[in-house]
Amino acid sequence: MLFHMENIEIAKIFHEIADLLEIKGENPFRVRSYKNAAHIIEELPENLKSIVEKDESQLENIKGIGKSIHEKIVEIVKTGKCKLHGELLKELPPGLLELLALSGIGPKKVQLLYKELGIQSISDLEKAAKTHKIHMLSGMGEKTEEKILKAIENLKASKGRFKLSLAMTYVTPLLEYLKNIDGVIKVSEAGSLRRRKETIGDIDILVTCKKGAPIMDKFTAYPEVKEVLAKGDTKSTVILRCGLQADVRALEKKSYGAALQYFTGSKAHNIAIRDRAKKMGLKINEYGVFDETTDKWVAGEDEEGVYKAVGLKWIPPELRENAGEIEAALHNKLPDLIDITDIKGDLHIHTRESDGANTIG
DNA sequence: GCCGTTTTCGGCCCGACTGTTTTCAGTCG
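On a predicted model such as this, the values are computed, not experimentally measured, just so you know.

The next thing to look at is the environment of Pro-214. Following the sequence through the fold, Pro-214 ends up in the loop between strand E4 (202-209) and helix H12 (215-220). Of the residues examined, Pro-214 reaches a relative accessible area of 31% and is grouped as partly exposed. In the structure, Pro-214 is positioned 32 residues away from Asp-182 in sequence and 7.5 Å away in space, judged by C-alpha atoms. With residues up to four places along the chain from it excluded, the contact list for Pro-214 reads Ile-181 and Asp-182.

Summarising burial for helix H13 (residues 256-264): eight of the nine residues are buried, a large majority. Taken as a whole, H13 has its buried residues at Tyr-256, Gly-257, Ala-258, Ala-259, Leu-260, Gln-261, Phe-263 and Thr-264.

Turning to the sheet that holds strand E5 (residues 225-231), a few remarks are in order. Pairing within the open sheet is mixed, and its five strands lie in the order E2-E4-E7-E6-E5. The sheet is open, and its two borders are formed by strand E2 (184-190) and E5, each paired with just one other strand. The mean angle between the axes of side-by-side strands here comes to 20°, regardless of whether they run parallel or antiparallel.

In this section: the packing of helix H3 (residues 48-55) against helix H4 (residues 67-79). If you want to describe how two helices pack, look at the angle between their axes and the distance between the axes. For the pair H3 and H4, interaxial distance at closest approach is 10 Å and the crossing angle is 95°. When the axes of H3 and H4 are compared, the pair comes out roughly perpendicular. Residue-level contacts link Leu-48, Lys-49 and Val-52 of H3 to Ile-73, Val-74 and Val-77 of H4. The class makeup of the residues in the contact of H3 with H4 is five nonpolar, no polar and one charged.

This part covers the nonpolar core. Proteins that are soluble and globular tend to have nonpolar side chains buried together. Formed by 51 residues in total, the largest nonpolar core has its most connected members in Phe-14, Ile-17, Ile-73, Leu-125 and Ile-134. Take this core: its biggest share by element is nine residues, from helix H1 (residues 7-24). Looking at which domains feed residues into this core, each of domain 1 (7-91) and domain 2 (110-157) supplies at least three. Not counting residues within four places of it along the chain, the set of residues in contact with Ile-17 comprises Tyr-34, Cys-82, Leu-84, His-85 and Leu-88. In terms of nonpolar packing, the next biggest core, distinct from the first, is built from 29 residues, Val-207, Tyr-222, Leu-244 and Ala-246 among them.

Quick look at the pattern of salt bridges now. What the rule picks out here adds up to 21 salt bridges. Note that Lys-12 and Glu-16 form a salt bridge whose closest N and O atoms lie 3.5 Å from each other. Taken together, the residues span about one helical turn, with Lys-12 and Glu-16 both in helix H1 at a distance of four residues. On the basis of relative accessibility, which here comes to 17%, the residue Glu-16 falls in the buried class. Of the charged contacts, one joins Glu-321 and Lys-197 as a salt bridge, the two residues approaching to 3.7 Å between their closest N and O atoms. Here Glu-321 is found in the loop between helix H15 (303-309) and helix H16 (325-330), whereas its partner Lys-197 is found in the loop between helix H11 (191-194) and strand E3 (199-200), with 124 residues between them in sequence. One continuous salt-bridge network, built from bridges that share partners, spans Glu-43, Arg-195, Lys-197 and Glu-321.

Another aspect to go through is the protein's contact with DNA strand B. DNA strand B sits among 49 residues. The nearest are Arg-32, Gly-64, Gly-141, Tyr-262 and Arg-274. Of everything in DNA strand B that lies within 4 Å of the protein, sugar and phosphate atoms constitute 75%. Within the contact set of DNA strand B, a base nitrogen lies 2.9 Å away from a side-chain nitrogen or oxygen of Ser-33. A distance of 2.9 Å separates a phosphate oxygen of DNA strand B from a polar atom in the backbone of Lys-109.

Examined at the domain level, chain A breaks down into domain 1 (7-91), domain 2 (110-157), domain 3 (162-251) and domain 4 (266-340). Once you take the C-alpha centre of each, domain 3 and domain 4 turn out to be 24 Å apart. Roughly 670 Å² of surface becomes buried between domain 3 and domain 4 when both sides are summed, with 45% attributable to carbon and sulfur atoms. At the boundary of domain 3 and domain 4, one finds four salt bridges.

Analysis parameters
- Residues numbered from 1 in each chain as written.
- Chains lettered and ligands numbered in written order.
- Predicted model: local features only at pLDDT ≥ 70, side-chain atom pairs only at ≥ 80, totals over all residues.
- Heavy atoms only, no water.
- Helix = DSSP H or I, 4+ residues; strand = E, 2+ residues; numbered from the N terminus.
- Buried < 20%, exposed > 50% of the residue type's maximum accessible area, 1.4 Å probe, protein only.
- Contact = heavy atoms within 4.5 Å.
- Pairing = 2+ DSSP bridges.
- Axes fitted to C-alpha atoms, helices over the stretch in contact; angles between N-to-C directions.
- Parallel < 35°, antiparallel > 145°, perpendicular 65-115°, else oblique.
- Nonpolar A, V, L, I, M, F, W, Y, C, P; charged D, E, K, R; others polar.
- Core = buried A, V, L, I, M, F, W, Y, C linked by side-chain atoms within 4.5 Å.
- Domains from an automatic or database assignment.
- Salt bridge = Lys/Arg side-chain N within 4 Å of Asp/Glu carboxyl O.
- Near = heavy atom within 4 Å.
- Polar contact = N/O pair within 3.5 Å; in protein donor to acceptor, adjacent residues only side chain to side chain.
- Buried area = accessible area lost by both parts, 1.4 Å probe.

Set out below in structure tokens:
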């Protein structure tokens with residue numbers, strides 16, 4: 001008898017295990033393994049339950065899932081729960097997980113707040129910040145206290161992830177605005193927006209411009225900006241009135257391809273690409289591809305060059321999830337993605353739920 | 001915890017920004 005478990009539910013368990021281990025201060029690489037496995041499972045086309053049902057050994061073919069996580073997947077599908085997950089939740093209050101959703105709060109701060117002040121929920125944290133108990137902790141100051149209150153406010157106001165189509169209605173005018181700034185050469189979308197995910201968590205924008213262009217001043221002064229979270233020479237983050245977070249990174253033309261590749265992600269894809277580069281004696285960052293020993297610039301002006309430098313064909317952004325696309329690019333087996341010219345028509349059906357003549361059944 | 005086109009042990013991507021520091025740790029993407 002197997003429990004009905006969707007991949008997304010199993011992924012959530014692994015996400016929580018990773019977060020709890022991280023708060024405990026466990027080996028960061030072990031934490032990463034669980035996070036990585038969670039991402040892989042989220043993107044997996046097949047249902048894990050069906051895989052376990054048919055042939056459990058198929059799990060061994062999934063890269064990033066080793067012996068331990070394999071066993072836990074089987075355990076979850078068979079029993080509906082995971083022992084390690086349960087043990088961690090006994091050890092640490094589950095409310096700590098919600099604290100991680102606050103921007104600027106990570107595992108180390110959660111641990112400190114819990115240990116020193118017994119804080120185990122957002123409402124505990126809000127009370128402590130309002131009564132000025134936080135700045136007494138080492139490494140925390142008055143600004144941290146203010147930032148925490150703002151982060152709580154922003155989280156309460158945020159609407160979570162936005163559907164791509166809705167996000168685009170906010171992104172398009174922002175892109176136009178940035179294009180019209182003096183000295184700007186090119187403005188590109190990046191991140192999950194460029195990967196055309198169904199929903200996006202924040203807006204990533206890349207700007208190439210001449211030296212000294214007032215890009216960050218203008219960006220943070222965009223009328224739709226509600227709050228500026230960070231503002232530097234090359235990178236700034238704001239929250240828009242609609243609740244979406246927007247990041248802008250400014251780079252010189254020479255770095256355009258490398259930056260676009262870096263900023264488009266996904267994170268898992270980038271880690272895999274960099275790992276591959278490293279094994280080839282190369283180093284990739286947002287400024288380009290470099291020879292690791294001589295630091296000589298190898299590629300970076302366009303994305304094709306970046307992929308070519310690591311022996312791969314250009315990979316369409318929609319596929320960059322570290323879900324086998326790198327192997328496919330290596331063996332010249334990348335699929336042709338559907339584009340607008342492939343659409344020949346549209347089929348849809350009405351039922352009596354609207355203005356049709358028949359029932360759904 | 002995962003992985004291996006020099007490896008089954010010893011590594012594990014890289015850099016910006018902030019706030020707290022007095023040179024750095026934490027967070028984020």
